[in-house]
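Geometric and topological summary
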Amino acid sequence: MPHTRLRPTFPLTEERLAELNAIVPEALADGKINWDVLREILGEHLDDEGAQAEHFGLFWPGKRAARHLAVVPSRGTIVPVAGEGVREATTRNLFIEGDNLEVLKLLQKSYAGQVKMIYIDPPFNTGNDFVYMDDFADPLGDYLRKTGQSDERGKLLTTNSRADGRFHSNWLSMIYPRLRLARGLLREDGVIFISIDDNEVHNLRHIMNEVFGEEAFVACFVWHRRQIPDSRNESKVSTDHEYVLCYRKSVTPLRGLDRDPGLFSNPDDDPRGPWTSTDLTGLATKDQRPNLHYVIKDPSTGRKYSPPPERGWAISKERFEQFIAEGRILWPPKPTGRPRAKRFFNDNKNETTSLSSVLEDVAFTQDGTKEIQDLFGEKVMSFPKPSKLIKLFVQQASDPDSLLLDFFAGCAPTAQAVFELNREDGGARRLVLIQLPEPTPEDSVAARAGFATMAELGKERIRRVIKKMTKERAPEGKEDLGFRVMKLTESNFKRWHDYAGSDIDEVQTFFEQVETPLAEEWTPEGLLAEVMLLEGFPLDSTVEPFAGAQKSGVSVVTSEYSGHRLLFSFDKELQDKVLGEIEFAEGDVFVCLDSSLTDAQKIRLADRCNLKTI
Ligand SMILES: C[S@@+](CC[C@H](N)C(=O)[O-])C[C@H]1O[C@@H](n2cnc3c(N)ncnc32)[C@H](O)[C@@H]1O
């Protein structure tokens, strides 16, 4: 088995090339695309005018750069922050503080194809929104500067004002790479919901059609959010709704709504239970469906119901007779009346009705505000989404054990929605939230209440929801009423630069870097999280000391999503005795410091496992 040096690279482009290679291997040779072959294969589907062709689609200045941004690997990592969460040792829920573009990149390997449902509520681009302008040259450095994590301080966000000539372009360039990365995380049966308003709904649909495909469109829900119309508008139109765009990755439908048992009753004590009366008249003329035009006779009275309805019956004569035999027909008192049928509630217990694309009485914005006021005693957030709205989407598109994601978490209504739904249906849904440490506006209620950033507010909301729910009832069974906090930061590895110069001192430094690739500030917890992400292990994987080598410092990482284990030790030295005790299974990876092994140990270990040294 191989021995390789572990380095912080996420092969985003390589993975897409591998996908291309799987579909059209003949168009790739030595990892390079042969355009002529690819053109031949694509044949009639190709825009034959070449680069100058006019395409259908949405274009804006900066689109190419935005597309590229999605594939530039992040040079950051995500490190755990102990002490800010609740039930940290056991929970699988995560709150990641950072810019979602970088974080989504870092999650690409470990969470690829695992998220069942994504809900996001990005800035709407109202003209007053703060939009995080990505620095194409150095996104992580820019983020660290802006959040004061590096020496230079910077302003975190810039208002995207309508006066800016690139008003829409700025927003589109922000959202586009994030949606591309989000798609990579969705399961094949995954669904994404995006809250948006009139400012960008049309552009967002174009982008979603491009990133997910037009056929992936499920609905553009219209959410009635404002109960009392706003009469201050100059246009004299009160916009009382927002939209929620819904796309799915493949053909999985939403769940729909359970039938309302209130519509069924049992006035005649039918032993088959509550029923409702249904119409049996049809929709087709005699010419169109002659077999649905027939005369019906009540066998108990001999009364005939003739002529049949103008558009015939809804069911065939045989089925009608079966209904008569089963005592399902409700005979009218007059021969001019129409027989109807009993439909029992128990007939199709699991049958659901469709969810309306107009979300009328789900919840209103003021319900979201009330939730915040109830939890904090004051309005620390303007226009938060009501958790009930998000709960509806979670109900519609997740299973009780699903992994869910919200990467514009704000004050974390999604956490409340997921916790409450889990409690209601006994589910064990897990959640990853991502939120920028966006400073709360100076002199805002939130700032005065001591919340310097939106991330602080989001975390506190989760803590308060957990406290309230725990007070009502301690968590039971698989219920996960906790969360861990993680933070986007500089990699534990030194920043790698290819060296092309000839200065002897620089060459010396360069080689030292190769010798010790870890940054001075590296920590074992941070390095472990980084290694897990690099090796494709989700951050909620189980980490345990290696049984049998308790004092060895060797630990084992396992995950339901991985067929092999990740074993690691960041100790300075590794004893033969310890290494000898480890029984490696097929595919197991062992990660340790390069300096902790002798050359002979490396050779022996590489024989037994997939050895990766740092
Ligand atoms: C419309 S608010 C979301 C509100 C949330 N649904 C709620 O009800 O509180 C959008 C949030 O996304 C955050 N945000 C904006 N850009 C971001 C980025 N690049 N990464 C992570 N979060 C971001 C903002 O700080 C803001 O809190």
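In this text the structure is predicted, and so the values were computed from the model without any measurement.

Scoring rules and cut-offs
- Positions within a chain are numbered from 1, following the residues in the order the chain's sequence is written.
- Per-residue local features of the predicted model are confined to residues with pLDDT of at least 70, and side-chain atom pairs are confined, for both listing and counting, to 80 or more; whole-chain, interface and lining totals are unaffected and use all residues.
- The side-chain figures draw on all heavy atoms in the structure; neither hydrogens nor water molecules are used.
- Relative accessibility under 20% of the residue-type maximum defines a buried residue, over 50% an exposed one, and the middle range a partly exposed one, all with a 1.4 Å probe and only protein chains included.
- Numbered from the N terminus, helices here are DSSP runs of H or I no shorter than four residues, and strands are runs of E no shorter than two.
- In this entry, domain limits derive from an automatic or database-based domain assignment.
- In this description, contact between two residues means that some pair of their heavy atoms is separated by no more than 4.5 Å.
- For this document, the term salt bridge refers to a Lys or Arg side-chain nitrogen within 4 Å of an Asp or Glu carboxyl oxygen.
- Pairs of N or O atoms are called polar contacts if they sit within 3.5 Å, as long as, within protein, a hydrogen donor faces a hydrogen acceptor (for residues adjacent in sequence, only side-chain-to-side-chain pairs).
- Any residue that is not Ala, Val, Leu, Ile, Met, Phe, Trp, Tyr, Cys, Pro, Asp, Glu, Lys or Arg is counted as polar, Gly included; the first ten are nonpolar and the last four charged.
- If even one non-hydrogen atom of a residue comes within 4 Å of a molecule or strand, that residue is called near it.
- Reported accessibility uses the Shrake-Rupley method at a 1.4 Å probe radius. Residues are deemed covered only where the shown protein chains occlude them.
- How far a helix is expected to stretch is found by multiplying one less than its residue total by 1.5 Å.
- Side-chain rings of Phe, Tyr and Trp (the six-membered ring for Trp) are treated as a pair once their centres are within 6.5 Å; stacked means planes under 30 degrees apart, edge-to-face means over 60, and tilted covers the remaining angles.
- Any Lys NZ or Arg CZ that is within 6 Å of a ring centre and within 35 degrees of that ring's normal is treated as a charge sitting over the ring.
- Only strands joined by at least two bridges in the DSSP assignment are considered to pair.
- With axes taken as lines fitted to C-alpha atoms, and helix axes fitted only over the stretch in contact, angles between N-to-C directions fall between 0 and 180 degrees.
- Roughly parallel here means an angle under 35 degrees, roughly antiparallel means over 145, roughly perpendicular means 65 to 115, and every remaining angle is called oblique.
- By convention, the crossing between two helices is left-handed when the near helix turns anticlockwise from the far helix through less than a right angle, and right-handed when the turn is clockwise.

Some points on helix 5 (residues 139-146)
- Among the eight residues that make up helix 5, seven are buried, leaving the element largely enclosed by the rest of the structure.
- For helix 5, the complete set of buried residues consists of P139, L140, G141, D142, Y143, L144 and K146.
- Note on helix 5: the residue one or two positions beyond its end, G148, has a positive phi of about 70°.

Side note on the domain arrangement of the chain
- What the domain assignment lists for the chain is domain 1 (3-69), domain 2 (76-258 + 354-490), domain 3 (261-347) and domain 4 (504-613).
- In this assembly, eight residues from domain 1 lie in contact with 15 residues from domain 4.
- Counting every contact that joins domain 1 to domain 4 gives one salt bridge.
- D594 is paired through a salt bridge with R5; the nearest N and O atoms lie 3.7 Å apart.
- Our count for the domain 1 to domain 4 interface comes out at four residue pairs in polar contact (both at pLDDT 80 or more).
- Counted by class, the side of domain 1 that touches domain 4 contains three nonpolar, three polar and two charged residues.

Section: unusual backbone geometry
- Residues other than glycine seldom take positive phi values, yet K236 does so here, at roughly 65°.
- Of note, the phi angle at D443 is positive, near 65°, even though the residue is not glycine.
- Looking at the secondary structure, you find D443 in the loop between strand 21 (430-435) and helix 12 (445-448).
- Its relative accessible area of 60% is what places D443 among the exposed residues.

Some words on the site of the ligand
- Lining the immediate environment of the ligand, one finds 21 residues, of which D99, D121, K385, Q435 and E438 sit closest.
- Here a nitrogen atom of the ligand sits 3.5 Å away from a polar atom, N or O, in the side chain of R178.
- At 2.8 Å from an oxygen atom of the ligand is found a main-chain nitrogen or oxygen belonging to C411.
- Notes on the ligand: free accessible area 600 Å², of which the protein chains cover 92%.
- For the shell around the ligand, the residue count by class is twelve nonpolar, four polar and five charged.

Section: helix 11 (residues 413-425)
- The first and last C-alpha atoms of helix 11 sit 18 Å apart over 13 residues, in line with the 18 Å expected at 1.5 Å per residue.
- Taking burial as the measure, the 13 residues of helix 11 include ten buried ones, the bulk of the element.
- If you check which residues of helix 11 are buried, you get P413, T414, A415, Q416, A417, V418, F419, L421, N422 and R423.
- Along its buried surface, helix 11 packs onto strand 6 (115-120), helix 9 (365-376), helix 10 (387-397), strand 20 (403-406), strand 21 and helix 13 (454-472).

A look at the packing of aromatic side chains
- As enumerated under the stated definition, the model contains 16 aromatic pairs in all.
- Ring geometry for W313 against F320: centres 5.2 Å apart, planes inclined by 80°, an arrangement best described as edge-to-face.
- Put simply, the rings of Y119, F193, F221 and F393 touch in pairs and so form one group of aromatic residues.
- Of note, K63 hangs over the ring of F59, and the distance from its end group to the ring centre comes to 4.8 Å.
- Directly above the aromatic system of F217 lies the positively charged group of R205, at a separation of 4.0 Å from the ring centroid.

Quick notes on the pairing of strand 24 (residues 555-558)
- Sheet topology places strand 23 (residues 542-545) next to strand 24; four bridges connect them, and they run antiparallel. Following the sheet pairing, V543 is matched in strand 24 by V557.

Quick word on the sheet that holds strand 21
- Taken together, ten strands build an open sheet; the order of strands is 4-22-5-21-20-6-9-11-10-19 and the sheet is mixed. Two strands bound the open sheet, and with one partner strand each, they are strand 4 (76-86) and strand 19 (358-359).
- With two bridges joining them, strand 10 (residues 217-224) and strand 19 adopt parallel strand pairing. Looking across to strand 19, one finds that V222 is bridged to V358.
- Against the sheet, helix 6 (residues 167-185) makes contact with strand 6, strand 9 (186-196) and strand 20, and its axis sits at roughly 155° relative to strand 9, the strand it touches most.
- Its contacts with the sheet place helix 7 (residues 201-212) against strand 9, strand 10 and strand 11 (241-248), and it is angled at close to 5° to strand 11.

Quick look at the packing of helix 11 against helix 13
- The geometry of helix 11 relative to helix 13 is characterised by a closest axis approach of 9 Å and an angle of 20° between their N-to-C directions. Considering their axes alone, helix 11 and helix 13 lie roughly parallel with respect to each other. The crossing of helix 11 and helix 13 is right-handed. Every residue of helix 13 that contacts helix 11 at P413, A415, Q416, F419, E420 and R423 is listed here: R461, I462, V465, I466, M469 and E472.
- Its residues assigned to classes, the contact of helix 11 with helix 13 shows seven nonpolar, one polar and four charged.

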